[in-house]
Every structure is written in structure tokens, then in C-alpha cells.
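Next come the chains, spelled out residue by residue.
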Amino acid sequence: MNITQTDKAPAAIGPYSQAVVSDSVVYTSGQIPVDPATGELKTDIKEATHQSLTNLKNLLEASGSSLENTLKVNIFITDMDQFGAINEVYAEYFSTHKPARSCVAVKTLPKNAVIEIEAIARTK
């Protein structure tokens, strides 16, 4: 088992790893829309979705994988009325490759984020 740590995604805010690679599979922790360079939390749903997916992309690449190797995505949102806007942005990142996906509305997320995205992917 290998632990991934990168400064191109937000640092863990608790006792967990950004990602773990085991048997050629990457398991990421949820990526909230924090810009790792500035620490800014994006609150506009489209900007937040872009930031969370950029963080996820960077974390997967640091783990030896990519968005194209993603098997499953889990999305947690605080407002299901934002589902359409999230899908618009999501389609920019997963245009031809469409992994399995779940999207669940939750009451709150860490740092009061509006979205959190995690993934399972195979390594290259």
C-alpha cells in the first residue's frame, strides 16, 4: 500500500491520507473546492465543481493515474437543485470517458463546502 501526498491538492484536514494506492487501484479522499495554492474555498457551484475536479485530477496524477482511468466517482453536494450546473462542469472533465457515479445530497460538508468529490481509479 502506498500513500499519496501532493501539494497540488488540498492537504488533509484530519487523520487521513489524500489518496492510497493498493493493487493498482487508487482510492482518493474527498476533494472539496479549496485552491491548494491560496487556501481559498470556492462557493459558487460551478467554480467549486471545477476546483474539486481539478484537485481530484491532480491527486490522481500524483498517484500514477488519471481521470481517464477513473472507475467510480462519488459526489456529495449540499443542494440537489445544483445538480444540473454540476453536470455541466463534470461533462467538461469526463466528456468521452464516463465512469460509474453516485451523487448524494448531504446536510453539511467539511469547511461548509458546497461539494466534495472522491474517486476510485486504476493506475496507468
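For the structure, check the block above.
Below: a short report on this structure. This is a predicted model, so every value here is computed, not measured. (Residues numbered from 1 in each chain as written. Predicted model: local features only at pLDDT ≥ 70, side-chain atom pairs only at ≥ 80, totals over all residues. Heavy atoms only, no water.)

Concerning the overall build of the protein
Okay, so step 1: Assigned secondary structure in the protein consists of two helices and six strands.
Okay, so step 2: Going residue by residue from the N terminus, the α and β elements of the protein occur as β-β-β-α-β-α-β-β.
Okay, so step 3: Expressed as lengths along the three principal axes of its C-alpha atoms, the size of the protein is roughly 40 × 30 × 25 Å.
Okay, so step 4: A total of 124 residues make up the protein; the buried ones form 45% of that total.
Okay, so step 5: Within the protein, contacts between residues at least 6 apart in sequence are counted, and of these 71% link residues at least 24 apart.
Okay, so step 6: Summed over all atoms, the accessible surface of the protein reaches about 6,500 Å², with 50% contributed by carbon and sulfur. (Helix = DSSP H or I, 4+ residues; strand = E, 2+ residues; numbered from the N terminus. Buried < 20%, exposed > 50% of the residue type's maximum accessible area, 1.4 Å probe, protein only. Contact = heavy atoms within 4.5 Å. Areas by Shrake-Rupley, 256 points an atom, 1.4 Å probe, with all protein chains shown as cover.)

Things to note about helix α2 (residues 83–93)
Okay, so step 1: Buried residues of α2: A85, I86, V89, Y90 and Y93, and no others. Down the axis of α2, the buried set is contained in an arc of 130°. They therefore lie on one face.
Okay, so step 2: Buried residues along α2 sit against α1 (45–62), β4 (70–77), β5 (100–105) and β6 (115–122). (Arc of directions from axis to C-beta.)

A word on the packing of aromatic side chains
Okay, so step 1: On inspection of all chains with the given rule, the structure shows one aromatic pair.
Okay, so step 2: Taking the ring centre of Y90 as reference, the NZ or CZ of R101 above it sits at 4.5 Å. (Phe/Tyr/Trp six-rings, centres within 6.5 Å; stacked < 30°, edge-to-face > 60°. Lys NZ or Arg CZ within 6 Å of the ring centre and 35° of its normal.)

Thoughts on the side chain of T123
Okay, so step 1: Mapped onto the elements of the fold, T123 is located in the segment after β6.
Okay, so step 2: The class of T123 is buried, set by a relative accessible area of 19%.

Section: the nonpolar core
The tendency in soluble globular proteins is for nonpolar side chains to be buried side by side.
Okay, so step 1: One finds L53, L56, V73, I75, F94, I115 and I117 to be the most contacted residues of the largest nonpolar core, which totals 25 residues.
Okay, so step 2: Looking at this core, the elements with two or more residues in it are β2 (19–22), α1, β4, α2 and β6.
Okay, so step 3: Considering every element that reaches this core, the biggest residue donor is α1, with six residues.
Okay, so step 4: Setting aside its immediate chain neighbours within four residues, L56 contacts T28, Q31, L67, I117, E118 and A119. (Core = buried A, V, L, I, M, F, W, Y, C linked by side-chain atoms within 4.5 Å.)

Overview of the sheet that holds β6
Okay, so step 1: With mixed pairing, six strands are arranged side by side in an open sheet as β1-β2-β3-β6-β4-β5. Across the chains shown, the open sheet's two edge strands, defined by having one partner strand only, are β1 (2–4) and β5. Sheet twist, expressed as the average angle between the axes of neighbouring strands with direction ignored, equals 15°.
Okay, so step 2: The sheet contact formed by β1 and β2 spans three bridges and is antiparallel. Note that in β2 the partner of T4 across the bridge is A19.
Okay, so step 3: Each of β1, β2, β3 (25–28), β4 and β6 touches α1; the most contacted strand, β6, lies at about 30° to it. (Pairing = 2+ DSSP bridges. Axes fitted to C-alpha atoms, helices over the stretch in contact; angles between N-to-C directions.)

Some points on the packing of α1 against α2
Okay, so step 1: Contact pair α1 / α2: the axes reach a minimum separation of 9 Å and the direction vectors enclose 35°. Remark: the crossing between α1 and α2 carries right-handed chirality. Of α2, the residues touching α1 (which contributes I45, K46, T49, H50, L53 and T54) are A85, I86, E88, V89, Y90, E92 and Y93. (Left-handed = near helix turned anticlockwise from the far one by under 90°.)

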